[in-house]
Structures are given as structure tokens and as C-alpha cells.
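Remarks on the overall topology
This is what each chain is made of:
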Amino acid sequence: VMNAAAGHVGMLFGMHGPTATICSGWTSGVSALHLAQQTIRNGACPRAIVVGVDEACDAVLTGYSLFPGFLAGGAARPGEDTGILIAEAGAAVLLESVAEDGAAAGVEGCEGDHRDGSTGRGPLARICGFGMAGSRAGAGRMGDPQDCLAAYRAALDQAGIGPESLAVVVSAADGLGGLDRVESRALALLGLAGSTRILTPKRNTGETQSAAPLIGVGLAACQAAGGYALVSGVGIGGSYQSLVIHA
């Protein structure tokens, strides 16, 4: 049952409202954040929790072992075509409406446990824009930088800013050369300001798949320091999704 994981978490913690399990490969975390934001905006719920969990079980590792660029050990170095190191991770992000009309959603901090339903601290960041684009590259192919660029521009346009306003970009680069080059070229075409920091967390975490964008949002919220950040999601086969947040 595709929705079993989300439904089980909801029942375990006594949550009420819509549930969904999203599977769009390595961009699943971005997809889930966007769906949660839209659900809040549409008034279906006042807040939502987005969870991304990836397990490197035997079946997953066996499948990836057949994939070009799979590393059985060592370290992946994004941008250097070393190959990818599959990793396990779990991450959770709480979204809550920060506008009376529910038009925006904030990424909440998680301090305190208030039984009256109040939150423990103010939002760490505000989701301002989402962009999605796809190509017909097909499974196992690396896609087109122009499609990746289209996702970035769509997110920036929705946020109402230009690339020069970005303080931080959280890259999806993971050591898989063909895919890293697509993203790198798209970022170059975007024309980022020289002051924009590009972070590559998968250098330390490995490829955490659906959890990666959730980790990226938390990292961006901490590093943007009152500015805008772009979280990049890039998937094999030509799936590109991105978020713009304001910390």
C-alpha cells in the first residue's frame, strides 16, 4: 500500500488530516514539501509534517550496485565524478501557515512540546517559491541543463527575486559526474552573484535521496542568515525541482 508509511506515522502520533506518500526519486523531498505547502494554502490543514527516510537495505544496495558510478566504499566528492555513495538518513520538517490566508508556509523550529498546540519557536524560514521541470531523458540518463535552469527560474520567479538576491544555494551534487555537470551548468547559466555560497552537503552525508532536500532546507535556513536560499533537487532521468526559502 503506497500510502502505508505516511498513514502509520499519522496514526502513531494521533495526527488528523490528509496523508500522502510521495515517490519521485531523488527529488521526493522537494515534491513533498511543495505538496504540504499547497495543502496548507488550500486550507485542508493548518500545519503539516514532512518526513523523508531512506534505508540502504540489501535490495537497495544490490540495485545500485548495477548502476554506473556506484561506490561500495570510500568517499564521494561532488563535482569530481567519483561516483555516488548511497547513505541512510531520516529528516522531518514541520510546516505551518505564517499568513492569515495560508498563502505561505514556514519551516518551523522544533523546540518545546506544547500541549495547547502552540509552537515552541518562530519559523526558521519561509517557503517563497517552487519550480519544477522535466526532460525526456529517460531512466539512467542525465538530462539537460536548460531543464534544470527552468526549474530554478520558476522558483525564483514565484519568489519574486532574481538570482543576485540568493545568499546560499544548496546543491544536489553527489559525485555522479554526468548529473553534477547538468546542475553545475544550470547554476552557471543562472548567473549567480559572486557572493552566493554554494553548499554541497552530500560531500559529507552521501546520497540520502528523499531526505536530502529536507536536510538541505534545514542547512539553508541556518546558513542564509536573513537572506534567500535556493535548494536544488536533481534526479536521474530528467527530474528537476527546487525551492526558494527566506531565512
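Before reading on, note that the structure itself is shown above.
Report follows, based on the coordinates. (Residues numbered from 1 in each chain as written. Predicted model: local features only at pLDDT ≥ 70, side-chain atom pairs only at ≥ 80, totals over all residues. Heavy atoms only, no water.)

Quick look at the overall build of the protein chain now. Of regular secondary structure, the protein chain possesses seven helices and eight strands. Looking at the protein chain as shown, the accessible area adds up to about 11800 Å², and 53% of this sits on carbon and sulfur atoms. (Helix = DSSP H or I, 4+ residues; strand = E, 2+ residues; numbered from the N terminus. Areas by Shrake-Rupley, 256 points an atom, 1.4 Å probe, with all protein chains shown as cover.)

Empty space among the atoms can be located by rolling a probe the size of a water molecule over them. Reported here for the largest pocket is a volume of approximately 1500 Å³. Every residue lining the largest pocket is counted, 46 residues in all, and those nearest its centre are Ala6, Ala20, Ile49, Val50 and Val51. When residues of the lining of the largest pocket are traced back to their parent elements, those giving at least two are helix H1 (4–12), helix H2 (28–41), strand E1 (47–54), helix H3 (58–65) and strand E2 (89–97). Ranked by the residues each element gives to the lining of the largest pocket, the list is headed by E1, at eight residues. Classifying every residue of the lining of the largest pocket gives 29 nonpolar, 14 polar and three charged. (1 Å grid on protein atoms, 1.4 Å probe; cavity = no way out; pocket = protein on both sides within 12 Å on 5 of 7 lines; lining within 4 Å. Points joined across faces, edges and corners; volume = space filled by probe spheres on them. Nonpolar A, V, L, I, M, F, W, Y, C, P; charged D, E, K, R; others polar.)

Moving on: the nonpolar core. The nonpolar side chains of soluble globular proteins are, as a tendency, buried together. In terms of nonpolar packing, the biggest core is built from 29 residues, with Ile84, Cys148, Tyr152, Leu156, Leu230, Val234 and Val244 touching the most fellow members. When contributions to this core are tallied by element, the ones reaching two or more residues are strand E4 (123–134), helix H4 (145–159), strand E5 (166–170), helix H5 (177–190), strand E7 (228–235) and strand E8 (239–246). For this core, the leading source of residues is H4, giving seven residues. Leave out the neighbours within four places in its chain, and cysteine 148 touches Val182, Glu183, Ala186, Val234 and Tyr240. One finds Ile40, Ala48, Leu95 and Ile245 within the second-largest nonpolar core, a separate group that totals 28 residues. (Core = buried A, V, L, I, M, F, W, Y, C linked by side-chain atoms within 4.5 Å. Buried < 20%, exposed > 50% of the residue type's maximum accessible area, 1.4 Å probe, protein only. Contact = heavy atoms within 4.5 Å.)

Let us look at the pairing of E5. Burial analysis of E5 places four of its five residues in the buried class, which makes it a mostly covered element. Of the pairings in the sheet, the one linking E5 to E7 comprises four bridges and is parallel in character. Note on E7: the bridge partner recorded for valine 168 is alanine 229. Bridge count for E5 against strand E6 (residues 197–199) is three bridges, and the pairing is parallel. (Pairing = 2+ DSSP bridges.)

Attention now moves to a nonpolar patch on the surface. There is a patch of nonpolar side chains on the surface, built from Leu12, Phe13, Met15, Ile49, Val51 and Val53 and spanning about 610 Å² of accessible area. Position of methionine 15 among the secondary structure elements: in the loop between H1 and H2. We classify methionine 15 as partly exposed; its relative accessible area is 39%. (Patch = residues over 30% accessible without salt bridge, like charges linked within 9 Å, V, L, I, M, F, W, Y side chains within 5 Å. Salt bridge = Lys/Arg side-chain N within 4 Å of Asp/Glu carboxyl O.)

Another point: empty space enclosed by the protein. A full pass over the atoms with the stated rule returns one cavity of 30 Å³ or more. Approximately 110 Å³ is the volume attributed to the largest cavity. Around the largest cavity, the lining comprises 17 residues; the ones closest to its centre are Ser171, Ala172, Lys202, Ala212 and Pro213. Secondary structure elements with two or more residues in the lining of the largest cavity: helix H6 (202–205), helix H7 (211–223) and E7. Considered class by class, the residues forming the lining of the largest cavity number nine nonpolar, seven polar and one charged.

Turning our attention to the packing of H4 against H5. One way to put it is that H4 packs onto H5 with a least axis distance of 8 Å and a crossing angle of 50°. As far as their axial angle goes, H5 and H4 are oblique. The way H4 lies across H5 gives a crossing that is right-handed. Between H4, through Pro145, Gln146, Cys148, Leu149, Tyr152, Arg153 and Leu156, and H5, the contact on the second element is made entirely by Val182, Glu183, Arg185, Ala186, Leu187, Leu189 and Leu190. Partitioned by chemical class, the residues of the contact of H4 with H5 number 10 nonpolar, one polar and three charged. (Axes fitted to C-alpha atoms, helices over the stretch in contact; angles between N-to-C directions. Parallel < 35°, antiparallel > 145°, perpendicular 65-115°, else oblique. Left-handed = near helix turned anticlockwise from the far one by under 90°.)

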